[in-house]
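# Secondary and tertiary structure notes
One letter stands for each residue in the lines below.
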Amino acid sequence: MAPISAHTVLIVAAILFILGLAGVLTRKNIIFMLISIEIMLNAAGLAFIAAGSRWQQPDGQIMYLFILAMAAAEVSVALAMVYRSIISIRHWTWKI
Amino acid sequence: MPLLFYLSSAIAIIATIMVITRYHPIHALLYLVVSFLAIAMVFLSLGAPFAAALEVIVYAGAIMVLFIFVVMMLNLGKETAAQEKEWLRPGVWIGPGVLTLVLLMEMTILLLAPPQRAVAMAVVTPRQVALSLYGEYIIAVELIGFLLTTGIVGAAHIGKQKKKSLHRFLQA
């Protein structure tokens, strides 16, 4: 079988990124939008890994680590905000 | 290794398509776990075993558990699925779908330009990653530590139950 071309990996990453972008643009529910943002971040990480293995350097994996940590921090804060807002909306409508 | 790459990238793309078309949040999250596991296999086939392990542990483990906890605590179930079904009509998704498809075609045409280079089949070991991470990237590691601490403090502050304080005009 032919060896993997670096461009093929980048095309896979582009397809995943485009799918995430389509999800963000189409969905209206905040949970689904956060999921699509996770897909996009993951596709960016895949592109970094592809670059790192193309040049045989560890820098790609290090950038992937930074993306991972950023995604974890972002998702914890965003989910806390979603939780607060939905709980407060429910409380408000229940009181009325 | 190429077979592993093509197979797992096909699984990742199909699972991601399923994620963005599901109505029920839990179904979407489970397909997203499948997609992350497939991307971990792609990392493994590209010679990055450390990144593959981190993908499984942090993305498919920690971040997805956070999402599932929030969905279950908010009890998003049948009503959310019905609302999504109401919102996700063809008139809503066809415009963004066509635009993103055009963008994808542009990127593919650019990427299929002649100079194709093969990915070398050597593994970048965790030892190399660690030596580089704690050598030349040490400032960035400290900054990421700051970022994670800020995230923890921010999430704890936002999630804290505050006492309701009404404005004095609104008090009965």
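Residues numbered from 1 in each chain as written. Chains lettered and ligands numbered in written order. Predicted model: local features only at pLDDT ≥ 70, side-chain atom pairs only at ≥ 80, totals over all residues. Heavy atoms only, no water.

When helices and strands are counted, chain B shows seven helices and zero strands. Along the first, second and third principal axes, the C-alpha set of chain B runs to 75 × 50 × 25 Å. Looking at the 172 residues of chain B, the share that counts as buried comes to 34%. Intrachain contacts of chain B at a sequence separation of at least 6 include 63% that bridge at least 24 residues. Carbon and sulfur atoms make up 74% of the accessible area of chain B, which amounts to about 10,700 Å² in all. In chain B, 11 side chains carry a positive charge and 7 a negative one; their mean positions are 12 Å apart. (Helix = DSSP H or I, 4+ residues; strand = E, 2+ residues; numbered from the N terminus. Buried < 20%, exposed > 50% of the residue type's maximum accessible area, 1.4 Å probe, protein only. Contact = heavy atoms within 4.5 Å. Areas by Shrake-Rupley, 256 points an atom, 1.4 Å probe, with all protein chains shown as cover. Lys, Arg positive; Asp, Glu negative; His and termini not counted. Charge placed at Lys NZ, Arg CZ, Asp CG, Glu CD.)

For the rest of this paragraph, the subject is the pattern of salt bridges. Counted under the stated rule, the structure contains one salt bridge over all chains. Across the salt bridge formed by R27 of chain A and E84 of chain B, the nearest N and O atoms sit 2.5 Å from each other. Of the two residues, R27 of chain A sits in the loop between helix 1 (6–26) and helix 2 (30–55) while E84 of chain B sits in helix 4 (residues 78–87), which places them in two different chains. You can call R27 of chain A buried: its relative accessible area is 4%. For E84 of chain B, a relative accessible area of 1% translates into the label buried. (Salt bridge = Lys/Arg side-chain N within 4 Å of Asp/Glu carboxyl O.)

Here chain B averages 88 in pLDDT, while 94% of its residues score no lower than 70. Put simply, helix 4 of chain B is where chain B has its lowest mean pLDDT, 83, and helix 2 (residues 25–45) of chain B is where it has its highest, 94. (pLDDT = per-residue confidence, 0-100.)

Along the polypeptide, S45 of chain B turns up in helix 2. Take S45 of chain B: its relative accessible area is 2%, and that puts it in the buried class. Residues in contact with S45 of chain B, not counting those within four places in the same chain, are I4 of chain A together with M1, L4 and F5 of chain B.

What follows deals with the domain arrangement of chain B. Annotation of chain B at the domain level lists domain 1 (1–86) and domain 2 (125–157). The straight-line distance from the C-alpha centre of domain 1 of chain B to that of domain 2 of chain B is 24 Å. (Domains from an automatic or database assignment.)

This part takes up the interface of chain A and chain B. Every contact between the two is made by 69 residues of chain A and, on the other side, 84 residues of chain B. Of the roughly 7,000 Å² buried where chain A meets chain B, counting both sides, 77% is carbon and sulfur surface. The largest contributions to the chain A side of the interface with chain B come from I4, Q61 and R84 of chain A, which together make up 10% of the buried area. Counting every contact that joins chain A to chain B gives one salt bridge. Where the side of chain A that touches chain B is concerned, the elements lending two or more residues are helix 1, helix 2 and helix 3 (59–95) of chain A. (Buried area = accessible area lost by both parts, 1.4 Å probe.)

One pass over the full model with this rule turns up four aromatic pairs over all chains. Measuring from centroid to centroid gives 5.1 Å for Y64 of chain A and F43 of chain B, while their planes differ by 80°, and the two rings are edge-to-face. Residue Y64 of chain A is found in helix 3, and its partner F43 of chain B is found in helix 2; the two belong to separate chains. For F43 of chain B, a relative accessible area of 0% translates into the label buried. Look at F36 of chain B and Y59 of chain B: their rings are 4.7 Å apart centre to centre, the planes differ by 45°, and that puts the pair in the tilted class. One end of the pair, F36 of chain B, is in helix 2; the other, Y59 of chain B, is in helix 3 (residues 49–73), and 23 residues separate them in sequence. (Phe/Tyr/Trp six-rings, centres within 6.5 Å; stacked < 30°, edge-to-face > 60°.)

Core analysis: the largest hydrophobic core is formed by 65 residues, its most contacted members being I35 and L46 of chain A together with F43, L46, Y59, M64 and F67 of chain B. Taken together, the elements giving at least two residues each to this core come down to helix 1, helix 2 and helix 3 of chain A together with helix 1 (2–21), helix 2, helix 3 and helix 6 (126–133) of chain B. Per-element accounting of this core gives the leading share, 12 residues, to helix 3 of chain A. When residues are assigned to domains, this core turns out to be shared by domain 1 (1–86) and domain 2 (125–157) of chain B, each giving three or more. The residues contacting Y59 of chain B, other than those within four sequence positions of it, are E38, L41, N42, Y64, L68 and A71 of chain A together with F36, L54 and M64 of chain B. (Core = buried A, V, L, I, M, F, W, Y, C linked by side-chain atoms within 4.5 Å.)

Residues and elements named next belong to chain B. When the UniProt feature table is mapped to this numbering, "transmembrane region" (unreviewed entry) covers residues 6–23, 30–50, 56–76, 88–113 and 133–158. Split by type, residues 88–113 is 85% helix and 0% strand. Its first and last C-alpha atoms lie 36 Å apart. This span, residues 133–158, is 85% helix and 0% strand, and a straight line between its end C-alpha atoms measures 32 Å. (UniProt positions renumbered as here; feature names shortened; annotations may be inferred.)

Here we come to the packing of helix 2 of chain B against helix 3 of chain B. Residues and elements named next belong to chain B. Running from N to C, helix 2 and helix 3 point in directions that differ by 175°, and their axes come no closer than 8 Å. Considering the angle they form, helix 2 stands roughly antiparallel to helix 3. Along the contact surface, helix 2 presents P25, I26, L29, L32, V33, F36, L37, I39, A40, F43 and L44, while helix 3 presents P49, A51, A52, E55, V56, Y59, A60, M64, F67, I68, V71 and M72. Here the contact of helix 2 with helix 3 is composed, by residue class, of 22 nonpolar, no polar and one charged. (Axes fitted to C-alpha atoms, helices over the stretch in contact; angles between N-to-C directions. Parallel < 35°, antiparallel > 145°, perpendicular 65-115°, else oblique. Nonpolar A, V, L, I, M, F, W, Y, C, P; charged D, E, K, R; others polar.)

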